[in-house]
There are 2 protein chains.
Amino acid sequence: MSEADPSTPKERRLAPPTISRLSEYLIILEELGESGREVVSSRDLAALYGNNASQVRQDLCCLGHTGRVGQGYRVRELERMIRATLGIDTIKKMVLVGCGRLGTTLAVHVPMAHYGMELVGAFDVSPQMIGTRLGPVRVQSAQNIRDFCAKHGVELAVLTVPKTAAQDVSDALVAGGVRGILNYTRVRLRVPAGVAVKNRQIVCSFLQLFHATTSQPA
Amino acid sequence: MSEADPSTPKERRLAPPTISRLSEYLIILEELGESGREVVSSRDLAALYGNNASQVRQDLCCLGHTGRVGQGYRVRELERMIRATLGIDTIKKMVLVGCGRLGTTLAVHVPMAHYGMELVGAFDVSPQMIGTRLGPVRVQSAQNIRDFCAKHGVELAVLTVPKTAAQDVSDALVAGGVRGILNYTRVRLRVPAGVAVKNRQIVCSFLQLFHATTSQPA
């Protein structure tokens, strides 16, 4: 963990909904930047995100960026400020536990390295998986989790194991020093204070879509 | 689309954050129900979700469920009410466009049928994929999207195509009558009014985790 001055943007704690929106603004800004766009207004960004300009301006104020009246925001500058606020201009080591279909897809699909995350280890219990290559790493036995994380200073973990294994794996990760777990299982993990768990149920996105089309005015 | 009385819970429009929480409560309640739990308090549910009891009570009020003072909620009853509110006690047809790694993982990983979604079609442009079996369906050429959706009354689609193809595929889906798109591409789709798009960037979950561990007090 960084010991930097808590008054720097990186160390300020923002509310999860703000962080969620900043993350999405970043993806939008990257797309805009790649297409050659240099400046974006709060109104354009709001239209692309799907909220309103005053919300965008309020969120960007959290970065200490007040924009320039009538001139909009510089795309690349805003991108850099969001990256700094999220903290992803530093690198954190990450492991994947559970190398089934979902785990391997996440490892391959998500450009972790671009966002400050280095996949340094992957674990499974299946003899068929152990020893196989997954992106930059080789899959190891789940028995190694605690020692490996402690030895390599791993801070983050992605959990895609069967639910019966989830709490034990979580305990091993925490014992190895992991401070943040992205939990794709249905289990509500018990972790000590100071460890962050983000529960992600992919099906929830499907449910939200379903409801959006049910209550849409005809 | 249902033409039911707009005053029924199913047709009431709830804010996306409420829907998001209700979806998660449903997953938690299903887990509790499977483990034999019959009653849950707003405080227990809040602890499992990670918010507070008054937020839970307020959300459940949206279902028209006021609970019974000091007695908690019946797990199965609450489950049924959330399902009705989300609309998933009806069935909607869904297609998947883009049968690469992410698309096939979603098709296999998400128990759509349990949540009111029937996967009736899958599309890709790759000759290697076309004709192969994906869960209950065979992958078809993306050229068939519009006609297939119109013929079968498809309402929902999941989009996991390369970004260069995203807008064209979205146009074909909408022309075929699709009313809701779960968009896993980085493209901000242009769709007519009355069509819902939910943008899902898996990487955003990773960014939220990253920030949670950065700003965690030491």
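Residues numbered from 1 in each chain as written. Chains lettered and ligands numbered in written order. Predicted model: local features only at pLDDT ≥ 70, side-chain atom pairs only at ≥ 80, totals over all residues. Heavy atoms only, no water.

## Thoughts on the packing of helix α2 (residues 42–49) of chain A against helix α3 (residues 53–61) of chain A
All names here are of chain A.
Piece 1. Between α2 and α3, the shortest axis-to-axis distance is 8 Å and the interhelical angle comes to 105 degrees. With respect to α3, the element α2 is oriented roughly perpendicular. Side by side, α2 and α3 meet where Ser-42, Arg-43, Leu-45 and Ala-46 of the first sit next to Ala-53, Val-56, Arg-57 and Leu-60 of the second.
Piece 2. Among the residues making up the contact of α2 with α3, the classes are represented as five nonpolar, one polar and two charged. (Axes fitted to C-alpha atoms, helices over the stretch in contact; angles between N-to-C directions. Helix = DSSP H or I, 4+ residues; strand = E, 2+ residues; numbered from the N terminus. Parallel < 35°, antiparallel > 145°, perpendicular 65-115°, else oblique. Contact = heavy atoms within 4.5 Å. Nonpolar A, V, L, I, M, F, W, Y, C, P; charged D, E, K, R; others polar.)

## Describing the domain arrangement of chain A
Piece 1. Here chain A is described as being made up of domain 1 (9–85) and domain 2 (92–203).
Piece 2. Placing the centre of domain 1 of chain A and that of domain 2 of chain A at their C-alpha centroids yields a distance of 30 Å. (Domains from an automatic or database assignment.)

## So, the interface of chain A and chain B
It is common to report an interface's size as the accessible area lost on association of the parts.
Piece 1. Of the residues lining the interface, 70 residues belong to chain A; the matching set on chain B comes to 70 residues.
Piece 2. Summed over the three residues of chain A that lose the most area to chain B, namely Arg-188, Phe-206 and Phe-210 of chain A, the buried surface amounts to 12% of that side.
Piece 3. At the boundary of chain A with chain B, the tally comes to 10 salt bridges.
Piece 4. One can count 23 residue pairs in polar contact (both at pLDDT 80 or more) joining chain A with chain B.
Piece 5. Counting residues per element, the side of chain A that touches chain B draws most heavily on helix α8 (residues 202–214) of chain A, which supplies 13 residues.
Piece 6. Its residues placed into classes, the side of chain A that touches chain B shows 34 nonpolar, 20 polar and 16 charged. (Buried area = accessible area lost by both parts, 1.4 Å probe. Salt bridge = Lys/Arg side-chain N within 4 Å of Asp/Glu carboxyl O. Polar contact = N/O pair within 3.5 Å; in protein donor to acceptor, adjacent residues only side chain to side chain.)

## Here's the deal with the sheet that holds strand β6 (residues 137–141) of chain A
All names here are of chain A.
Piece 1. Spatially, β5-β6-β4-β3-β7-β8-β9 is the arrangement adopted by the seven strands of the open sheet, whose pairing is mixed. Each of the sheet's edge strands pairs with one partner strand only, and the pair in question is β5 (133–134) and β9 (196–199).
Piece 2. Relative to strand β7 (residues 156–159), strand β3 (residues 92–97) is paired through four bridges, and the arrangement is parallel. Residue pairing for β7: Leu-96 is matched across the bridge by Val-158. (Pairing = 2+ DSSP bridges.)

## Some words on the relation of the copies chain A and chain B
Piece 1. Superposing chain A onto chain B requires a rotation of 180 degrees together with a translation of 0.0 Å along the rotation axis, leaving an RMSD of 0.0 Å. Here the copies are linked by what is in effect a two-fold axis. Closest approach to the rotation axis within chain A is made by the C-alpha atom of Thr-105 of chain A, at a distance of 3.6 Å.
Piece 2. Mapped onto chain B, 100% of the interface residues of chain A again fall at the interface, so both copies present the same surface. (Least-squares fit on C-alpha atoms with pLDDT ≥ 70 in both.)

## Topic: the side chain of Glu-30 of chain B
Piece 1. By the secondary structure assignment, Glu-30 of chain B is in helix α1 (residues 16–34).
Piece 2. Reaching out from Glu-30 of chain B, the side chain makes a polar contact with the side chain of His-114 of chain B at a distance of 3.0 Å.
Piece 3. Looking at Glu-30 of chain B, its side chain comes within polar contact range of the side chain of Tyr-115 of chain B, at 2.5 Å.
Piece 4. Non-local contacts of Glu-30 of chain B, meaning those with residues more than four positions away in its chain, are made with Arg-186 of chain A together with Glu-79, Arg-83, His-114 and Tyr-115 of chain B.

## As for the nonpolar core
Piece 1. Grouped together as the largest cluster of nonpolar side chains are 94 residues, with contacts concentrated most on Phe-206 of chain A together with Phe-206 of chain B.
Piece 2. Excluding residues that lie within four positions of it along the chain, Phe-206 of chain A makes contacts with Met-94, Leu-106, Val-110, Met-112, Met-117, Val-158, Leu-182 and Tyr-184 of chain B. (Core = buried A, V, L, I, M, F, W, Y, C linked by side-chain atoms within 4.5 Å. Buried < 20%, exposed > 50% of the residue type's maximum accessible area, 1.4 Å probe, protein only.)

## A look at the packing of aromatic side chains
Residues and elements named next belong to chain B.
Piece 1. Scanning all chains against the criterion turns up four aromatic pairs over all chains.
Piece 2. Ring plane angle 75 degrees and centroid distance 5.3 Å describe the contact between Tyr-25 and Tyr-49, whose orientation is recorded as edge-to-face. A residue pair is termed long-range when its members are at least 10 positions apart, and Tyr-25 in helix α1 and Tyr-49 in helix α2 (residues 42–49) qualify at 24 residues.
Piece 3. In this structure Tyr-25 comes out as buried when scored by relative accessible area, which is 0%.
Piece 4. Here the aromatic rings of Phe-123 and Phe-148 are separated by 5.5 Å at their centres, their planes lie at 75 degrees, and the arrangement is edge-to-face. Placement of the pair is Phe-123 in strand β4 (residues 117–124) and Phe-148 in helix α6 (residues 145–152), with a sequence separation of 25 residues. (Phe/Tyr/Trp six-rings, centres within 6.5 Å; stacked < 30°, edge-to-face > 60°.)

## Some remarks on the pattern of salt bridges
Piece 1. Inspection of every chain in the model, using the stated rule, returns 20 salt bridges over all chains.
Piece 2. Of the charged contacts in the structure, one is a salt bridge between Arg-186 of chain B and Glu-30 of chain A, with a shortest N-O distance of 3.3 Å. With Arg-186 of chain B in the loop between β8 (180–183) and β9 (196–199) and Glu-30 of chain A in helix α1 (residues 16–34), this residue pair bridges two chains.
Piece 3. Residue class for Glu-30 of chain A comes out buried when judged on its relative accessible area of 3%.
Piece 4. Linking Arg-186 of chain A and Glu-31 of chain B is a salt bridge whose minimum nitrogen-to-oxygen distance equals 3.8 Å. Taken together, the residues span two chains, with Arg-186 of chain A in the loop between β8 (180–183) and β9 and Glu-31 of chain B in helix α1.
Piece 5. Given a relative accessible area of 16%, Glu-31 of chain B falls into the buried group.
Piece 6. Salt bridges linked by common partners bring Glu-30, Glu-31, Glu-34 and Arg-83 of chain A together with Lys-163 and Arg-186 of chain B together as one network.

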